[in-house]
Amino acid sequence: MKLFSKIEEVRIVPVVVFNNASETIPTLNAMKEGGLPVAEICYRTECAPECLKIAVSHFKDDFVIGAGTVINEQQAKEAISLGAQFIVSPGLSVSVAKVCKENNIPYFPGVATPTEIMQAIELGIKIVKFFPASVYGGIKAINALGAAFPQIKFLPTGGVGPDNLPEFLSNKKIYACGGSWMMKGTPEDIKNKCKEAIDIVKGAK
């Protein structure tokens, strides 16, 4: 699937939170110029659906665009109808997983325990968001969980940044890393931080 190959190539999933729809185009342009064509637009703010709609309308040929912080079936259906190519949740929702499966959309649920990973496996999910990574043991926890579940790969998010990104990316159990550190500041700041993140990825290969 093209989406999986693109994320595996970039190895970073930027967590993007918009407070105003007018931020969408300048921010994604900055990410594009910085060489990071993946965006997880979070459903934390009221403008998120409109931002997602704008992003898909203007950048669908250049970006892999998904919806994050999706916590229920209604949000999942709306995001998919607006063109989201993948769905991310802070936890695991069976109803969201069902919606994604029905629409052939990848779902990355948040997990932190063996029980949650087993539930994900039962739902046919092979890539899970490990969240919040820094709180639940970081790379040490991923190593332990990965040994117990060899069929699973992880998308650690929460506490991942430039300082520990190389360590995460060097681990074979890591599919990609999620984070918002490159999304701070002006569009020019975002562009430069995206470039720095991509350079770290290249150095870790």
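What you see is a predicted model; the values in this text were computed from it and never measured.

A. Structural context of the nonpolar core. Judged by nonpolar contacts, the single largest core of 74 residues is most densely connected at Ile12, Met31, Leu52, Ile87 and Phe154. Not counting residues within four places of it along the chain, the set of residues in contact with methionine 31 comprises Pro14, Val16, Leu36, Val38, Ala39, Phe63, Met183, Ile190 and Cys194.

B. Quick look at unusual backbone geometry. Between phenylalanine 131 and proline 132 the backbone carries a cis peptide bond, its omega angle lying at -15°. Within the fold, proline 132 resides in the loop between strand E7 (127-130) and helix H7 (138-148). Non-glycine residue threonine 69 carries a positive phi angle of around 50°. Counting through the fold element by element, threonine 69 comes out in the loop between strand E3 (64-68) and helix H4 (73-81).

C. Layout of the packing of H4 against helix H5 (residues 94-102). It is at 8 Å that the axes of H4 and H5 come closest, and there the two elements cross at 25°. Put simply, H4 runs roughly parallel to H5. Crossing geometry of H4 relative to H5 is assigned as right-handed. Counted together, Glu73, Ala76, Lys77 and Ile80 of H4 and Ser95, Val96, Val99 and Cys100 of H5 form the full contact between these two elements. In the contact of H4 with H5, the residues fall into five nonpolar, one polar and two charged.

D. Molecular detail of the packing of helix H2 (residues 24-33) against helix H3 (residues 48-59). Packing of H2 against H3 brings their axes to within 10 Å, and their N-to-C directions diverge by 50°. Between H2 and H3, the angle falls in the class oblique. Pair H2 / H3 crosses with right-handed handedness. Each of Thr24, Ile25, Leu28 and Asn29 in H2 lies in contact with H3, whose residues at this interface are Cys51, Ile54, Ala55, His58 and Phe59. For the contact of H2 with H3, the residue count by class is six nonpolar, three polar and no charged.

Reading the values: rules and limits
- Residues numbered from 1 in each chain as written.
- Predicted model: local features only at pLDDT ≥ 70, side-chain atom pairs only at ≥ 80, totals over all residues.
- Heavy atoms only, no water.
- Core = buried A, V, L, I, M, F, W, Y, C linked by side-chain atoms within 4.5 Å.
- Buried < 20%, exposed > 50% of the residue type's maximum accessible area, 1.4 Å probe, protein only.
- Contact = heavy atoms within 4.5 Å.
- Helix = DSSP H or I, 4+ residues; strand = E, 2+ residues; numbered from the N terminus.
- Axes fitted to C-alpha atoms, helices over the stretch in contact; angles between N-to-C directions.
- Parallel < 35°, antiparallel > 145°, perpendicular 65-115°, else oblique.
- Left-handed = near helix turned anticlockwise from the far one by under 90°.
- Nonpolar A, V, L, I, M, F, W, Y, C, P; charged D, E, K, R; others polar.

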